[in-house]
Amino acid sequence: MEALLTSLADTALAEWMRLSRWGYAAINALHVLGIALLIGAILALDLRLLGWRQRLPVRELGQLLQPVAIAGLLLAMATGALLFLADPSGYAAMPLFLLKLALIALAIANALLLNLGPGLENASPRRQLVAGTLSLLLWPAVLLAGRMLAFVDG
Ligand code: HEM
């Protein structure tokens, strides 16, 4: 594992992430843009799943908001992988970073279980409430863990 992390750190892309001040800043800004798209869209959908604004059809809201959330997640994952490249061994040794990855996996599993199971609009109100509540807790926890990474030591 350590050998893999070291060889990742030795790639030209990793070196560019470490040496290019504005390159790193741009990737960081794109990471934040991805997070904004993801959290903004998913929060609105979660509130509807919790029972807010029941006049608005879940199906149509999902058709609008889920693609935005997925695009944001993909952008956050791609740019997050680049940020990770700047110091693979350092991040892999940080419990908070590993917690963040675990929370992302749980949040994605929660969304997949709802969509591939009963489906967004066919789920019972109770199932929607459970999935919406979990999503509302997990994604902001990911955001908090990500932001706190800069403030914890190794
Ligand atoms: C596989 C996906 C992801 C990876 C590998 C990843 C990795 C990283 C890394 C390495 C950093 C830099 C930490 C530092 O300051 O030293 C970071 C920052 C951050 N990440 Fe992620 N991330 C991912 C997805 C996400 C997602 C989905 C969210 C939010 C829902 C998120 C939220 C944040 C936040 C808020 C920051 C701090 C940004 C800043 O203040 O400049 N990350 N991420």
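Because the structure is predicted, anything quoted here is derived from the model rather than measured. (Residues numbered from 1 in each chain as written. Predicted model: local features only at pLDDT ≥ 70, side-chain atom pairs only at ≥ 80, totals over all residues.)

Draft legend 1. Molecular detail of the site of the ligand. Residues in contact with the ligand amount to 22 residues; listed here are only the nearest, Gly 80, Leu 83, Gly 146, Leu 149 and Ala 150. If you list the elements that add at least two residues to the shell around the ligand, you get helix H3 (21-49), helix H4 (58-85) and helix H7 (125-148). Among the elements that take part in the shell around the ligand, H4 stands out by supplying seven residues, more than any other. For the shell around the ligand, the class distribution of residues is 17 nonpolar, four polar and one charged. (Near = placed C-beta within 6 Å. Helix = DSSP H or I, 4+ residues; strand = E, 2+ residues; numbered from the N terminus. Nonpolar A, V, L, I, M, F, W, Y, C, P; charged D, E, K, R; others polar.)

Draft legend 2. Examining helix H6 (residues 95-116) more closely. In a regular helix each residue adds 1.5 Å, so 22 residues correspond to 32 Å; H6 covers 31 Å between its end C-alpha atoms and thus fits that length. Within H6, burial applies to Lys 100, Leu 103, Ile 104, Ala 107, Ala 111 and Leu 114. Projected down its long axis, H6 carries its buried residues within an arc of 105 degrees, all on one side. Away from its buried face by more than 90 degrees, H6 exposes Pro 95, Ala 102, Ala 105, Ala 109, Leu 112 and Leu 116. Close packing links the buried residues of H6 with H7. (Expected span 1.5 Å × (residues − 1). Buried ≥ 20, exposed ≤ 12 C-beta atoms within 10 Å, placed from the backbone. Arc of directions from axis to C-beta. Contact = placed C-beta atoms within 7 Å.)

Draft legend 3. Region of the structure containing H4. For H4, built from 28 residues, the straight-helix expectation of 40 Å at 1.5 Å per residue is met to within 8% by its first-to-last C-alpha distance of 39 Å. The largest bend along H4 measures about 30 degrees and falls at Leu 65, with the proline Pro 67 one to four residues further on. Check the buried side of H4 and you find it contacts H3. (Bend = angle between axes of the 7 residues up to and from the residue.)

Draft legend 4. Quick peek at the nonpolar core. Leu 38, Ile 42, Ala 107, Trp 139 and Val 142 are the most contacted members of the largest nonpolar core, which totals 20 residues. Only H3, H4, H6 and H7 provide two or more residues apiece to this core. With six residues, H3 is the largest single contributor of residues to this core. (Core = buried A, V, L, I, M, F, W, Y, C linked by C-beta atoms within 7 Å.)

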